[in-house]
Amino acid sequence: MENAKTVTVVGAGYVGLSTAVALALLGHEVRVLDTNAARVEGLKRGEPPFYEPGLAESLAQAAPRLRYTTDPAEAYDGSEVAIVAVGTPPTPAGHADLRYLYQALETLAQHRVGLVVVKSTVPVGTNQDAKRILGPGVAVASNPEFLRQGQALSDTLYPDRILVGAEEEWVFGVLERLYQPLVEQSFEELPWLPRPKALREAVARGYRVPLVRTGLESAELAKYAANAFLATRISFINEIANVAEAVGADIEEVVRAIGLDPRIGPHFLKAGLGYGGSCFPKDTRALAYLAKRGGYDFKLLRAVIEVNQAQRYRLVEKAEAVLGRLTGQTVVLLGLAFKPGTDDLRDAPSLEIAEELLARGARVRATDPKALELAKQILDPRVETFADPLEALEGADAVLLVTEWPEYRALDWAEVKRRLRRPVVLDGRNALDPRAMEALGYVYQGIGRGRKLSELAL
Ligand code: UGA
């Protein structure tokens with residue numbers, strides 16, 4: 001490739017690995033630096049450290065241009081660009097813990113890499129701090145990502161936009177050249193991650209993926225604003241769903257009706273148990289904190305967070321309303337991961353739901369197609385785990401559908417009913433069809449759809 005560069009990616013998590021694989025597939029030489037030796041050794045053997053669709057195949061394909069190491073000297077020697085993608089987990093107070101970022105920057109300051117790109121989600125002002133740490137002669141760019149877990153690679157390879165915050169013209173130039181094959185979508189298509197049809201057709205008509213140039217602070221804030229806005233949509237639609245439940249409307253019908261307004265759009269209006277995962281919960285709290293520290297009370301965002309928290313417990317309250325006291329009753333959680341397509345349990349609603357059920361005296365069983373092994377290490381040992389959902393459902397009093405894995409939609413619900421002691425299904429993700437469930441004889445309610453709670457009787 002004409003503009004091929006030697007790039008070091010710091011951090012082999014979802015963001016770092018997706019970035020590293022993508023850059024290698026675009027034709028760059030990539031070194032991946034991580035402090036976790038076991039993770040690096042695994043990657044050298046071609047083993048992805050977590051489940052992500054298409055990652056194993058892509059790592060194999062990109063292997064000739066990917067190197068892994070725990071040694072900063074090896075990672076940075078001769079490298080032109082360093083992309084920092086380490087975690088910024090929340091502290092108990094709600095702000096972003098920048099310890100891993102600062103460690104990475106301090107190590108970088110001892111090496112000679114001319115351009116440091118911060119990809120980690122960081123509070124506004126962090127890139128200016130990075131400049132101070134790195135000293136004169138090193139340029140800094142902010143380059144947040146917008147990838148979703150479970151779609152990390154396709155979001156990286158087929159982005160809606162690429163965001164670059166910088167202060168020097170040449171820095172924009174370097175990153176434009178680095179990402180040129182992404183902008184032009186000129187890299188070879190992967191059979192296991194095909195280019196979306198609409199994108200392929202648009203590119204044929206001359207479309208280029210927009211690369212948005214901003215200042216450092218705007219890029220930092222844009223990342224938080226994007227996540228906070230999406231979180232706001234989710235809390236908003238969950239509130240409408242709760243109203244729908246109270247008045248006997250159907251949230252899916254309401255969303256169909258409003259989503260056709262191009263000013264609203266249909267995306268991120270799926271009512272459910274609220275948002276979880278490693279991004280929205282952390283980033284909404286971090287932005288609220290950032291605002292507060294700046295002397296501004298971000299009331300709307302505080303409400304978004306509060307609504308999201310309450311939404312998780314509604315399912316437990318509903319279970320109690322239908323079953324009566326939960327003491328001694330067997331409740332099955334279908335799904336534990338914070339969303340389908342991942343084994344990630346960070347801030348997953350399932351964890352708090354399980355705790356709350358236990359606190360109310362229920363016997364809790366749980367199953368998940370991907371997250372079970374991890375869950376066993378985190379969940380209260382009183383939660384019984386099952387690999388086979390049908391086994392978990394044997395003799396149970398209620399089913400709570402927590403993660404909308406396609407496997408659960410595809411269950412033979414007539415067969416499930418024969419196994420249950422009581423045919424109660426509370427669908428936290430609107431994964432099932434209320435009419436079909438009622439026709440099978442279930443006492444069923446979704447989030448904002450199905451019968452009113454007062455009409456559900458065993
Ligand atoms: C999110 C953003 O979607 C990405 O753009 C962003 O880059 C990423 O955070 C990040 O900051 O790194 P992710 O957390 O992987 O990605 O997951 P999403 O698919 O966005 O889902 C987040 C949560 O919202 C899930 O718990 C999901 O169940 C929930 N959700 C999503 C809803 O309840 N309703 C919806 O309509 C959409």
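Residues numbered from 1 in each chain as written. Predicted model: local features only at pLDDT ≥ 70, side-chain atom pairs only at ≥ 80, totals over all residues. Heavy atoms only, no water.

## Observations regarding the site of the ligand
Looking at the ligand, there are 20 residues lining it, with F146, Q149, K223, N227 and K270 nearest. At 3.3 Å, a backbone N or O of L269 approaches an oxygen atom of the ligand. Protein coverage of the free-state accessible area of the ligand, which is 710 Å², stands at 91%. Sorting the residues of the shell around the ligand by element identifies α11 (216-247) and α13 (280-293) as the ones contributing at least two each. Broken down by element, the shell around the ligand gets its largest block of residues, three residues, from α11. (Near = heavy atom within 4 Å. Polar contact = N/O pair within 3.5 Å; in protein donor to acceptor, adjacent residues only side chain to side chain. Areas by Shrake-Rupley, 256 points an atom, 1.4 Å probe, with all protein chains shown as cover. Helix = DSSP H or I, 4+ residues; strand = E, 2+ residues; numbered from the N terminus.)

## Some details on helix α14 (residues 299-323)
For α14, which comprises 25 residues, the first-to-last C-alpha distance of 37 Å matches the rise-based estimate of 36 Å (1.5 Å per residue) to within 8%. Regarding α14, the residues found buried are L301, V304, V307, N308, Q311, R312, L315, V316, K318, A319, V322 and L323. Looking at the buried side of α14, the elements it contacts are α11, α13, α15 (349-359), β12 (398-401), β13 (424-427) and β14 (443-445). G324 sits one or two positions beyond α14 and adopts a positive phi of about 85°. (Expected span 1.5 Å × (residues − 1). Buried < 20%, exposed > 50% of the residue type's maximum accessible area, 1.4 Å probe, protein only. Contact = heavy atoms within 4.5 Å.)

## As for the packing of aromatic side chains
Here the distance between the centres and the angle between the planes together describe a pair of aromatic rings. Counted by the stated rule, this structure contains five aromatic pairs. Centroid distance Y275 to F280: 5.9 Å. Interplanar angle 85°. Geometry classified as edge-to-face. The pair formed by Y275 and F280 is uniform in burial state, with each residue classed as buried. Geometrically, the ring pair formed by W413 and Y442 is edge-to-face, given 5.9 Å between the ring centres and 80° between the ring planes. One end of the pair, W413, is in helix α19 (residues 413-419); the other, Y442, is in the loop between α20 (434-439) and β14, with 29 residues separating them in the sequence. You can call Y442 buried: its relative accessible area is 5%. Taken together, the ring pairs connect F268, Y275 and F280 into an aromatic cluster. Its end group placed over the ring of Y100, R99 keeps NZ or CZ at 5.7 Å from the ring centre. (Phe/Tyr/Trp six-rings, centres within 6.5 Å; stacked < 30°, edge-to-face > 60°. Lys NZ or Arg CZ within 6 Å of the ring centre and 35° of its normal.)

## Describing the side chain of T126
Note on placement: T126 falls in helix α6 (residues 126-134). T126 gets classed as buried once you look at its relative accessible area, which sits at 4%. One polar contact links the side chain of T126 to the main-chain carbonyl oxygen of P123, over a distance of 2.6 Å. Every residue in contact with T126, bar those within four places of it in the chain, is listed here: L98, L101, Y102 and E220.

## As for unusual backbone geometry
Despite not being glycine, F268 has its phi angle at roughly 55°, a positive value. Mapped onto the elements of the fold, F268 is located in the loop between α12 (251-259) and α13. Residue classification places F268 among the partly exposed positions, given a relative accessible area of 31%. Not every positive phi belongs to a glycine, and N430 is a case in point at roughly 50°. Note on placement: N430 falls in the loop between β13 and α20.

## Here we look at the pairing of strand β9 (residues 330-334)
Regular strands place their side chains on alternate faces of the sheet. Most of β9 is tucked away: five of the five residues are buried. What you see with β9 is no split at all: T330, V332 and L334 on one side and V331 and L333 on the other are buried throughout. Two strands pair when backbone bridges link them, and β9 and strand β10 (residues 363-367) are joined in this way by five bridges, in the parallel orientation. Within the sheet, the bridge partner assigned to L333 lies in β10 and is A366. (Pairing = 2+ DSSP bridges.)

## Notes on the sheet that holds strand β11 (residues 384-386)
Strand order in the open sheet made by the six strands is β11-β10-β9-β12-β13-β14, with parallel pairing throughout. The open sheet has two free edges, formed respectively by β11 and β14, since each of these has just one partner strand. Going from strand to strand, the sheet's axes swing by 20° on average, the running direction of each strand aside. With respect to the sheet, α15 is in contact with β9, β10 and β12, its orientation differing from that of β9 by roughly 180°. (Axes fitted to C-alpha atoms, helices over the stretch in contact; angles between N-to-C directions.)

## Considering the side chain of R31
Relative to the helices and strands, R31 resides in strand β2 (residues 29-33). There is no salt bridge for the buried R31, and the closest opposite charge comes from D77, which lies 6.1 Å off by N-O distance. Here the side chain of R31 touches E74 through a polar contact of 3.5 Å, landing on its backbone oxygen. Among the polar contacts listed, one links the side chain of R31 to the backbone oxygen of D77, at a separation of 2.8 Å. For R31, the residues in contact, after removing those within four places along its chain, are T6, V7, T8, V9, R67, E74, A75, Y76, D77 and S79. (Lys, Arg positive; Asp, Glu negative; His and termini not counted. Salt bridge = Lys/Arg side-chain N within 4 Å of Asp/Glu carboxyl O.)

So, to be careful, I would describe these as geometric facts and stop short of saying anything about function.
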